[in-house]
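Observations on the three-dimensional arrangement
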Number of protein chains: 4
Amino acid sequence: MSLYQSLKEAVYEANMEIPRQKLAIYTFGNVSGIDRQAGVVGIKPSGIPYDELTPDDIVIVDLDNQLVEGKMRPSSDTKTHTLLYRHFETIGGICHTHSTYAVAWAQAVREIPNLGTTHADHLVASIPVTEVMSDAMIQGDYEHETGNQILNVFREQNLSASEVEMVLVACHGPFAWGKNPAKAVYNATVLEELAKMAYLTLTINPDTPRIKQSLIDKHYFRKHGKDAYYGQ
Amino acid sequence: MSLYQSLKEAVYEANMEIPRQKLAIYTFGNVSGIDRQAGVVGIKPSGIPYDELTPDDIVIVDLDNQLVEGKMRPSSDTKTHTLLYRHFETIGGICHTHSTYAVAWAQAVREIPNLGTTHADHLVASIPVTEVMSDAMIQGDYEHETGNQILNVFREQNLSASEVEMVLVACHGPFAWGKNPAKAVYNATVLEELAKMAYLTLTINPDTPRIKQSLIDKHYFRKHGKDAYYGQ
Amino acid sequence: MSLYQSLKEAVYEANMEIPRQKLAIYTFGNVSGIDRQAGVVGIKPSGIPYDELTPDDIVIVDLDNQLVEGKMRPSSDTKTHTLLYRHFETIGGICHTHSTYAVAWAQAVREIPNLGTTHADHLVASIPVTEVMSDAMIQGDYEHETGNQILNVFREQNLSASEVEMVLVACHGPFAWGKNPAKAVYNATVLEELAKMAYLTLTINPDTPRIKQSLIDKHYFRKHGKDAYYGQ
Amino acid sequence: MSLYQSLKEAVYEANMEIPRQKLAIYTFGNVSGIDRQAGVVGIKPSGIPYDELTPDDIVIVDLDNQLVEGKMRPSSDTKTHTLLYRHFETIGGICHTHSTYAVAWAQAVREIPNLGTTHADHLVASIPVTEVMSDAMIQGDYEHETGNQILNVFREQNLSASEVEMVLVACHGPFAWGKNPAKAVYNATVLEELAKMAYLTLTINPDTPRIKQSLIDKHYFRKHGKDAYYGQ
């Protein structure tokens, strides 16, 4: 049995949630998890259909993207994941998908405004969208630079990765994370639902304003932080 | 066996309809029921996923929100439910969800106009939307005030809770009710369908008028009241 | 065993297709069939959920809406069905639903234009929509008058019920028919798909023209009439 | 056992993916495959519902549309398939469907622009749409001319069938292909997803530009050609 068996199983289970939650067709998604003590990341192998995936297939790499254990190549998005783990020190899992409504907002290069309490239950800010990448970054170490684009938008907007657990990469699609791989997929599912709700809302009334700050704060802080008391 | 076993089972069954009817992802919803004689309300416990819920988990509280029976905390929305039970004396069950199209109308702060006979089969009026809550109410006893917003819009528009069994809370989402918990979820499902139909109709023709009063009355009164004769 | 056992079973099977094809929630639909030789119609009983329906529950009435056999009340829409059977002499089954996109077009009181070959494979014309009913008709024998509205639009547009097997009743929803109950539900399913395709097409390009007559004729007549040769 | 047993089974399996991927209702689709050495094509028989289809039902024809083996008529679209096989020499399977969003773009006679990396992962170009067919072609050998319309748009836009594996036939719907029947259905599923993503993107922001060429090239060439390295 692998030293990283429980990490592999958590990452495997989280990957299997992608098709169950209909967040992607075929293999258009991947989930990773980190064991901070061991300094290793478990991630979906490259190009394997979800219905053929087993816990043993999960590839273990270190934070410099070097293979530690596994018979298959890790997902090509591995460098994006490891960069985020190095800079977002509180997170334990990352989920990348091509879920349909979130991709549409990413392609439109629009952040998703906070229009209601479903959104405010999860985050105060809009769901940020990165800048479109420069040609130099695209032609350089692309998957690493994808991570940098995410770090940049968090830096510029002064966002915290433990408060805002989702982002849109411009022209590409969503990344979400959380304290473990299961929470990362949960946030990817919530993001897709928020993306759909915002789409419909702005079709009904294109001038819908953001919800008022007091209502955002009420919903966010009754679920998060030291005064949290809420569960549905 | 609990004194409130049949209430718990009815509330449990109604809660399980939420994922079956796809009215919410994860735990974004809750159903309660009331035993008017015993003066107690059964409601979903806070934060429990539907697929782990059992009838025994249903929490029993009184109309002043005091715990009567149960090992878990009641849903944080309990105060909204109990306020409605105290003022809407004919209702026996309440369902709150974050169903996608209904939330979109609530976020757009738009009532859902009566555009066709599917709507008129269930209610004469538009589906009302509350005012956006004041900062003072939000920062006060929020879940109680959510109930007050609903009572206010019913008072202002002179609506009867036994005739209009659904409402949108501005920037938040839908509440529906009925003579028992099962009927409350039925009405929440109907509301979501009416919300989608109205969305599509106004996209096809933004100037679609309300249907004529005689047609509303025909459809409503052939199903409701003393001259009812209709079933599909 | 009933004299009308095979009619009951055909009508039962066709009714069960409504939830399978997701054409309606709850009991928002009904299918009937006719035995022209016996002069009787089998139809869904009023208000029975599909998952409780059995073949024995199908109600048999004559063409004057008199009960012939059955323990339950026939669907309240029976008079619409029997009027259509009396005037559309070639049809053997009728299906009424509240399918979402078809209802949206009916509520917008817009016919569905023939925009592509999926439509032309089934009918040459637009899918017609009736006039909004007059107050006098609504307050009179309403379900009978619903049938009259359908007959009127077919008369005015000079349509044949064996060529155009679907219609939208203004502010209400779709009726479809065919040579037997199964074909009626097939046409109701096709109508819903055409309604969705037309909705999407006109959102992409609001000025999309009808397809050219030669293409309509090619698609329709390779599947219908004496020179038909087509199957996918 | 048939000489063409493995071709029949591959074509059968690929056809069964159409309902599984919800690419068509009823029989609104068909898949074929070619055995280049034997010079024969296996294709779905005409008008058979997917749930009655067996591998033995697959019809074998030669590239001149002459029956080689089979008890049923081949799909009426056979001439479109064989013409494509004769001119697109690298392809091994073809899939035609009436999937909803792809049909909407075809009916609007609009190519699907390349708006994001999900698209660029599969092709560099827009998904092309053919010209509307002339009356003479429609009234001539229609299914053969449908293939000619596809060849024409590839010739005019200087596209390669091994790089662009999908097309919209104006006023009709999508065709997709690949190195075998399974890959053809894969591409038809991807096309439907791209069609939906583009629809949503342009609703959110009608002025969304194509993604930049460097990003298209990065995504396409990391998955295709001699320098490919990508898998999700």
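Everything below is about the structure shown above.
All of the points below concern the structure found in this document. Model, not experiment: these values are computed from the prediction.

**Observations concerning the relation of the copies chain C and chain B**
Relative to chain B, chain C is turned by 90 degrees and slid 0.0 Å along the rotation axis, the superposed coordinates differing by an RMSD of 0.0 Å. Viewed as a symmetry operation, the transformation between the two copies matches a four-fold axis. Scanning chain C for the C-alpha nearest the rotation axis identifies C:Thr203, at a separation of 5.8 Å. Take the interface residues of chain C: only 5% of them recur as interface residues in chain B, which is what a contact between different surfaces looks like.

**Some remarks on the pattern of salt bridges**
Within this structure, the stated rule accounts for 28 salt bridges over all chains. The partner of B:Glu69 in a salt bridge is B:Lys8, and the shortest N-O contact between them spans 2.7 Å. Highlighted residues: B:Glu69 in strand E4 (residues 67-69) and B:Lys8 in helix H1 (residues 5-20), separated in sequence by 61 residues. One salt bridge in this structure joins D:Lys79 and D:Asp141, with 3.1 Å as the shortest N-O distance. Within this pair, whereas D:Lys79 is found in helix H2 (residues 78-87), its partner D:Asp141 is found in the loop between helix H5 (135-139) and helix H6 (142-156), the two being separated by 62 residues in sequence. For D:Asp141, a relative accessible area of 33% corresponds to the partly exposed category. The network of salt bridges with common partners includes A:Glu13, A:Glu17 and A:Arg20.

**Topic: the arrangement of the chains**
There is a gap between chain A and chain C: no contact, and a shortest C-alpha distance of 12 Å. Nowhere do chain B and chain D come into contact; their C-alpha atoms are at least 12 Å apart.

**Some points on the environment of B:Thr201**
Its place among the elements puts B:Thr201 in helix H7 (residues 181-204). It is 15 Å that separates the C-alpha atoms of B:Thr201 and B:Ala120, two residues lying 81 residues apart in sequence. If sequence neighbours within four positions are ignored, B:Thr201 has contacts with B:Leu115, B:Thr208, C:Ala104, C:Gln107 and C:Ala108. A polar atom in the side chain of B:Thr201 sits 2.9 Å from the side chain of C:Gln107.

**Comments concerning the packing of helix H3 (residues 100-107) of chain A against helix H7 (residues 181-204) of chain A**
All names here are of chain A. Remark: H3 packs on H7, axes separated minimally by 7 Å, with the N-to-C direction vectors making an angle of 65 degrees. For the crossing formed where H3 meets H7, the hand is left-handed. Where H3 abuts H7, its residues Thr100, Tyr101, Ala102 and Trp105 lie against Leu191, Glu192, Ala195, Lys196, Ala198, Tyr199 and Leu202. A class-by-class count of the residues in the contact of H3 with H7 yields 8 nonpolar, 1 polar and 2 charged.

Reading the values: the criteria
Residues numbered from 1 in each chain as written. Chains lettered and ligands numbered in written order. Predicted model: local features only at pLDDT ≥ 70, side-chain atom pairs only at ≥ 80, totals over all residues. Heavy atoms only, no water. Least-squares fit on C-alpha atoms with pLDDT ≥ 70 in both. Contact = heavy atoms within 4.5 Å. Salt bridge = Lys/Arg side-chain N within 4 Å of Asp/Glu carboxyl O. Helix = DSSP H or I, 4+ residues; strand = E, 2+ residues; numbered from the N terminus. Buried < 20%, exposed > 50% of the residue type's maximum accessible area, 1.4 Å probe, protein only. Polar contact = N/O pair within 3.5 Å; in protein donor to acceptor, adjacent residues only side chain to side chain. Axes fitted to C-alpha atoms, helices over the stretch in contact; angles between N-to-C directions. Left-handed = near helix turned anticlockwise from the far one by under 90°. Nonpolar A, V, L, I, M, F, W, Y, C, P; charged D, E, K, R; others polar.

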